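Architecture and fold: a report
Each chain is listed here by its residues.
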Amino acid sequence: MILTHVLFVAGSLLLVGSSWGAALNSDHGLSPVQATATAAARATSTFTVTVPDDATELVVDGKSIPGDGTSRTYETQPLAPGDYRYTFTARWQPNSYTTMTRTKTISFRAGQRVAVDLTVEAPDDRVRVQYVPTPTDIADEMVKLAGVGAGDVVYEPGCGDARITIAAIRRGAERGLCIDIDPDRVAESRAKVKEAGLEHKIDVRLGDALDVQDLSAVTVVLLYMGDHFNMLIRPVLWKQLKVGARVVSHRFLMGDWTPDKTETVSSDEGGEYLLHRWNITADVKKRR
Ligand SMILES: C[S@@+](CC[C@H](N)C(=O)[O-])C[C@H]1O[C@@H](n2cnc3c(N)ncnc32)[C@H](O)[C@@H]1O
């Protein structure tokens, strides 16, 4: 993006330079033949972009490009000879509660034809999941399944109103970290934490939980986020959590990482809920 702008500014200076030249008379300016040659040297680059589904929104360097289908064609303006970098972003909804964002930056030369594949999973994919709270009694069951007790440091990515972390502290955890991407949820969490008198124990932060890469102090992760988020946080859990840590997920699995325990619990509010627990072991820590 920065380079694009540098090239744009450089291109603008060249254009300004050439109009000065034209104004200066044919001694110093480009002759009509030279001007035509310069224009002819500019070349359009064509991109064939493959996106995850028909309804994906494609954004090129911050601009939404209309279109549908899984194969899109994008043509640049005629570009002066040189190297360029454009950023391609795909935004799509694999289900009714998840929005995925995948970004790739492509280097190319003016006039080149380039294929861009945005269908392949990447570690820097980003996921946004809609807010649906876990029933309060099920939050307590998650904490029990995790075996939360004294000395535990609990992390809840996508905390909603922080009810699961509050339940964990009430069951003896030493402290908790709550992160949510939605400022309204963060405000709600802070209000609930204050109401519970737990501000000294629970830190509530605004942000994308996938940007949190240091979980070395965390002993318990409690989450209700969906398959896509789980698959992206999974390598961070394997790498960062220490042997003995536990992960409990409401409803959603972690791909081929088989849970150590799964239970179905009933809520007083009605309905049955599936909860899964994974233990971090030395073998799990070898996974990639
Ligand atoms: C299904 S709700 C779960 C809320 C809470 N954990 C519970 O079980 O009651 C998902 C929450 O994650 C938040 N969220 C979604 N994507 C996120 C992301 N990438 N990083 C942090 N929070 C996210 C949403 O704003 C929402 O509050």
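These figures come from a predicted structure and were not determined experimentally.

**A closer look at the overall build of the chain**
Helix and strand counts for the chain stand at six helices and 15 strands. For the chain, with 288 residues in total, the buried portion stands at 40%. Approximately 15,400 Å² of the chain is accessible, and the part contributed by carbon and sulfur atoms is 53%.

**Notes on the nonpolar core**
Counting 45 residues, the largest nonpolar core has Phe47, Phe88, Tyr155, Leu237, Leu241, Val247 and Trp257 as the members making the most contacts within it. The element that contributes the greatest number of residues to this core is helix 6 (residues 227-240), accounting for six residues. The two domains that each donate at least three residues to this core are domain 1 (46-122) and domain 2 (131-286). Non-local contacts of Val247, meaning those with residues more than four positions away in its chain, are made with Val221, Leu223, Leu237, Leu241, Met254, Trp257, His276, Arg277, Trp278 and Ile280.

**So, the site of the ligand**
Near the ligand lie 22 residues; those nearest to it are Val127, Thr134, Glu156, Gly158 and Asp180. One of the side-chain nitrogen or oxygen atoms of Thr134 is found 2.6 Å away from an oxygen atom of the ligand. In this structure, a nitrogen atom belonging to the ligand sits 3.0 Å away from a side-chain N or O atom of Asp208. For the ligand, whose accessible area on its own is 590 Å², the fraction buried by protein is 98%.

**Here we look at the confidence of the model for the chain**
On average, the chain scores 89 in pLDDT, and the residues at 70 or more come to 86%. Segment residues 1-30 is flagged for pLDDT under 50; beyond a separation of four residues in sequence, or across chains, it makes 17 contacts in the model.

**Some words on the packing of helix 3 (residues 136-146) against helix 4 (residues 163-170)**
As a packed pair, helix 3 and helix 4 sit with axes 9 Å apart at the nearest point and diverge in direction by 55°. Of the possible angle classes, the one that applies to helix 3 and helix 4 is oblique. Once helix 3 is placed against helix 4, the crossing between them reads as right-handed. Counted together, Thr136, Ala139, Asp140, Met142 and Val143 of helix 3 and Arg163, Ile164, Ala167 and Ala168 of helix 4 form the full contact between these two elements. When grouped by side-chain class, the residues that make up the contact of helix 3 with helix 4 number six nonpolar, one polar and two charged.

**As for helix 4**
Taken across its eight residues, helix 4 has six buried, putting it largely inside the fold. Among the residues making up helix 4, those that are buried are Ile164, Thr165, Ile166, Ala167, Ala168 and Ile169. Each element contacted by the buried residues of helix 4 is listed here: helix 3, strand 9 (153-157), strand 10 (175-180), helix 5 (183-195), strand 11 (202-206) and strand 12 (220-223). Gly172 sits one or two positions beyond helix 4 and adopts a positive phi of about 110°.

**Describing the sheet that holds strand 6 (residues 98-109)**
Spatially, 3-2-5-6-8 is the arrangement adopted by the five strands of the open sheet, whose pairing is antiparallel. Every interior strand has two partners, whereas the edge strands, strand 3 (63-65) and strand 8 (126-129), have only one. Taken pair by pair, the neighbouring strands of this sheet meet at an average axis angle of 25°, ignoring direction. When strand 2 (residues 57-60) meets strand 5 (residues 83-95), the two strands line up antiparallel, connected through four bridges. The residue bridging Val60 from the neighbouring strand is Phe88, located in strand 5. In this fold helix 6 packs onto strand 5, strand 6 and strand 8, with an angle of close to 140° to the strand it touches most, strand 8.

**Observations concerning the pattern of salt bridges**
By the definition in use, this model includes 16 salt bridges. A salt bridge links Arg91 to Glu57; the shortest N-O distance between them is 3.1 Å. In this pair, Arg91 sits in strand 5 while Glu57 sits in strand 2, placing the two residues 34 residues apart along the sequence. Of the residues examined, Arg91 reaches a relative accessible area of 34% and is grouped as partly exposed. We classify Glu57 as partly exposed; its relative accessible area is 31%. Of the charged contacts, one joins Arg287 and Asp256 as a salt bridge, the two residues approaching to 2.8 Å between their closest N and O atoms. Within this pair, whereas Arg287 is found in the segment after strand 15 (272-279), its partner Asp256 is found in the loop between strand 13 (246-250) and strand 14 (261-266), the two being separated by 31 residues in sequence. On the basis of relative accessible area, Arg287 is assigned to the partly exposed category, the value being 27%. One network of salt bridges, in which partners are shared, links Arg126, Asp208 and Asp211.

**Details of the packing of aromatic side chains**
Inspection of every chain in the model, using the stated rule, returns 11 aromatic pairs. Both rings, one in Tyr97 and one in Phe252, keep their centres 6.0 Å apart while their planes meet at 45°; by these two values the pair is tilted. Highlighted residues: Tyr97 in the loop between strand 5 and strand 6 and Phe252 in the loop between strand 13 and strand 14, separated in sequence by 155 residues. On the basis of an interplanar angle of 20° and a centroid distance of 6.0 Å, the ring pair of Tyr224 and Phe252 is categorised as stacked. With a gap of 28 residues between them, Tyr224 in the loop between strand 12 and helix 6 and Phe252 in the loop between strand 13 and strand 14 connect regions that are remote in the sequence. This pair shows no difference in class: Tyr224 is buried, exactly as Phe252 is. Members of the aromatic cluster, connected to one another through ring pairs, are Phe47, Tyr74, Tyr84, Tyr86, Phe88 and Phe108.

The rules behind these values
Residues numbered from 1 in each chain as written. Predicted model: local features only at pLDDT ≥ 70, side-chain atom pairs only at ≥ 80, totals over all residues. Heavy atoms only, no water. Helix = DSSP H or I, 4+ residues; strand = E, 2+ residues; numbered from the N terminus. Buried < 20%, exposed > 50% of the residue type's maximum accessible area, 1.4 Å probe, protein only. Areas by Shrake-Rupley, 256 points an atom, 1.4 Å probe, with all protein chains shown as cover. Core = buried A, V, L, I, M, F, W, Y, C linked by side-chain atoms within 4.5 Å. Domains from an automatic or database assignment. Contact = heavy atoms within 4.5 Å. Near = heavy atom within 4 Å. Polar contact = N/O pair within 3.5 Å; in protein donor to acceptor, adjacent residues only side chain to side chain. pLDDT = per-residue confidence, 0-100. Axes fitted to C-alpha atoms, helices over the stretch in contact; angles between N-to-C directions. Parallel < 35°, antiparallel > 145°, perpendicular 65-115°, else oblique. Left-handed = near helix turned anticlockwise from the far one by under 90°. Nonpolar A, V, L, I, M, F, W, Y, C, P; charged D, E, K, R; others polar. Pairing = 2+ DSSP bridges. Salt bridge = Lys/Arg side-chain N within 4 Å of Asp/Glu carboxyl O. Phe/Tyr/Trp six-rings, centres within 6.5 Å; stacked < 30°, edge-to-face > 60°.

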